[in-house]
Amino acid sequence: MPRTSDRLRPEGTGFKAATFECMGTVISLTFPDSSAGAQETQDELAAASAVVERLFRELDGTFSLYRPASEASRLARGELTLRGASPGMRARYAEAHEWRLLTEGAFSPERPDGVLDLSGLIKAHAIREAGRSLHALGRRDWCLNAGGDILVSGSPGPGPDASWKAGIVDPVDRSRLVSAYAVGGPARHAALATSGSAERGEHIWRVESGSDFIQVTVAAADIVTADILATAIVSGGMPMLDRAADRWDVAVLAVHADGSLMATPGFRA
Amino acid sequence: MKARGTLAAALASAGILLAGWQAGTQAGGVSTLASGTTSSGTTGSGPTAAGATGASGTGSSGTGASGTGSSGTGASGTGSSGSASTAAGTYKGSAVQTRFGAVQVQITVASGKITDVTALQLTDDDRKSVQISNRAAPLLRSEVLSAQSADVQTISGATVTSNAYLTSLQAAIDAANL
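Everything numeric here is computed off the predicted structure, so don't read it as measured data.

Trainee: I'd like a description of the interface of chain B and chain A, backed by residues and values.
Mentor: The interface of chain B with chain A comprises 39 residues on the first partner and 65 residues on the second. Counting each side, the surface lost to burial between chain B and chain A is near 4400 Å², with a carbon and sulfur contribution of 51%. Put simply, chain B and chain A have 3 salt bridges between them. Here B:R141 makes a salt bridge to A:D170, at a shortest N to O gap of 2.6 Å. Of the residues forming the side of chain B that touches chain A, the biggest block, 4 residues, is contributed by helix 4 (residues 169-177) of chain B. Of the residues that constitute the side of chain B that touches chain A, the class distribution is 17 nonpolar, 15 polar and 7 charged. Pairing of strand 5 (residues 164-170) of chain A with strand 6 (residues 154-156) of chain B involves 3 bridges; the strand directions are parallel. Counterpart to A:I168 in the pairing with strand 6 of chain B is B:S156.

Trainee: Now, about the pairing of strand 6 (residues 173-183) of chain A: what can you tell me, with residues and values included?
Mentor: Residues and elements named next belong to chain A. One ladder, built from 7 bridges, connects strand 5 with strand 6; its direction is antiparallel. Across the sheet, residue A166 finds its bridge partner in strand 6, namely Y181. In textbook terms, the turn of a hairpin is the stretch between consecutive antiparallel strands, and for strand 5 and strand 6 this stretch comprises 2 residues.

Trainee: Describe the pairing of strand 9 (residues 251-256) of chain A, listing the residues and the values that go with them.
Mentor: Residue and element names in this part refer to chain A. Of all 6 residues that make up strand 9, 6 are buried, and the element is covered over most of its length. The sheet contact formed by strand 8 (residues 213-220) and strand 9 spans 6 bridges and is antiparallel. If you follow V216 over to strand 9, its bridge partner there is A254. Sheet topology places strand 9 next to strand 10 (residues 261-263); 3 bridges connect them, and they run antiparallel.

Trainee: Any chance you could break down empty space enclosed by the protein for me, citing the residues and the numbers?
Mentor: Residues and elements named next belong to chain A. Throughout the structure, instances matching the rule amount to 4 cavities of 30 Å³ or more. In this model, the largest cavity occupies a volume close to 40 Å³. Every residue along the wall of the largest cavity is listed here: F63, L65, A72, M89, L116, D117 and L118. A breakdown of the residues in the lining of the largest cavity according to their chemical character gives 6 nonpolar, no polar and 1 charged.

Trainee: An account of the nonpolar core is requested, with residue identities and associated values reported.
Mentor: Within the largest apolar cluster, 60 residues are counted, with the highest numbers of intra-cluster contacts made by A:L29, A:F56, A:V216, A:V218 and A:I233. Counting residues per element, this core draws most heavily on helix 6 (residues 223-247) of chain A, at 12 residues. Discounting residues that sit within four places of it in the chain, A:V216 has contacts with A:A193, A:T194, A:S195, A:A230, A:I233, A:V234, A:V252, A:L253 and A:A254. If you look at the next biggest cluster of nonpolar residues, it comprises 20 residues, including A:I168, A:Y181, B:L139 and B:V144.

Trainee: So what's going on with helix 2 (residues 38-63) of chain A? Which residues, and what values?
Mentor: Residues and elements named next belong to chain A. Taking 1.5 Å of rise per residue, the 26 residues of helix 2 would be expected to cover 38 Å, and the 36 Å separating its terminal C-alpha atoms lies within 8% of that figure. All of the buried residues in helix 2 are T41, L45, A48, S49, V52, L55, F56, L59, D60 and F63. Structurally, helix 2 contributes buried residues whose contacts are with strand 1 (15-22), strand 2 (25-32), helix 3 (71-76), helix 4 (87-102), helix 5 (119-136) and strand 3 (142-146).

Rules and cut-offs
Residues numbered from 1 in each chain as written. Chains lettered and ligands numbered in written order. Predicted model: local features only at pLDDT ≥ 70, side-chain atom pairs only at ≥ 80, totals over all residues. Heavy atoms only, no water. Contact = heavy atoms within 4.5 Å. Buried area = accessible area lost by both parts, 1.4 Å probe. Salt bridge = Lys/Arg side-chain N within 4 Å of Asp/Glu carboxyl O. Helix = DSSP H or I, 4+ residues; strand = E, 2+ residues; numbered from the N terminus. Nonpolar A, V, L, I, M, F, W, Y, C, P; charged D, E, K, R; others polar. Pairing = 2+ DSSP bridges. Buried < 20%, exposed > 50% of the residue type's maximum accessible area, 1.4 Å probe, protein only. 1 Å grid on protein atoms, 1.4 Å probe; cavity = no way out; pocket = protein on both sides within 12 Å on 5 of 7 lines; lining within 4 Å. Points joined across faces, edges and corners; volume = space filled by probe spheres on them. Core = buried A, V, L, I, M, F, W, Y, C linked by side-chain atoms within 4.5 Å. Expected span 1.5 Å × (residues − 1).

Okay, structure coming up:
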């Protein structure tokens, strides 16, 4: 029997979130409360989150360089060559190399020491695959956030007219937001990714010393494009930002070391 | 990119227009105008530009000035024998669809010379004006889309480690929704 308080509560104002830890970060899956009730939302969320978590763990098991037994670690040690690698490994390797060409080297799947490192792609790939799984489960409205990289579907409210609103951390003061961007719903982009040198900057190899971006946020239709371009712009600086804005349908917000901003028109108030 | 290509192509075609006029003057006869892009219809008084209907630049990849401009189909002009000095007015090109919405270019001609090229902004699907260029520019913090923590449902930041998550804004939001 529905409680009166549930009925009185405006729909779409509440959310349920499930979190788990993987790939060195925390992944949050958020559903808006459905009209069916909070408990039902909670149950559906738990089931969906389990699917997403399994997917992340499988990919992490294959691609993590922190796991000595992973396929990626065996490749790095030379015990395995790409010729003998799994189809999944080779597909990601091919995809990463395509991005290296598209970004003229600003994004690279290899560390300076030559070790293959697909970690710059795998988290976004996991988010992309999780999104497909959620759609396959019939979930329409959700927000998936993996360590600050976001993919959404549908809207946060009961109707289709609202977009999710993603806040962007101010790298100068991480307790504050520097901006926000609408994703999903009627908005142009469904994905938003931020890269920077603030927390795990060591995974970005700067190819041009001219770049002084400490944080770059890219919104795009898909999470892989958003994530890779964000990484590439931190690495490649202003020339890469211009290339990205010209070539892809993206919105970009970049923060200089002195805290000043550079943005494409999509971020202008 | 398309928008700038269009603009550049318009400049190129305008140059060809001028060349056409000059050729016409020299020959003392009817000139043939080759126009690469966009000009169709006139709003000004220039009689010699009436024939400048070109193929609009809707190539799938951003072509530069030389590509689009020189390969234009260029309707044959009705160019009168008028000398270049009589050409004057403003001429609007046709609207061209780009991924930022429709764009349109206008040139202003005085004494046979282009004195101004303006990119007219049309509308996008939302009926709001759009920026023709997606280029990034410096913005003051007061000029970006702003947000209060209470207004957002999720937080994007540079890759948050598991430890950093504990003190992050995202953790606070998740905690409120758990």
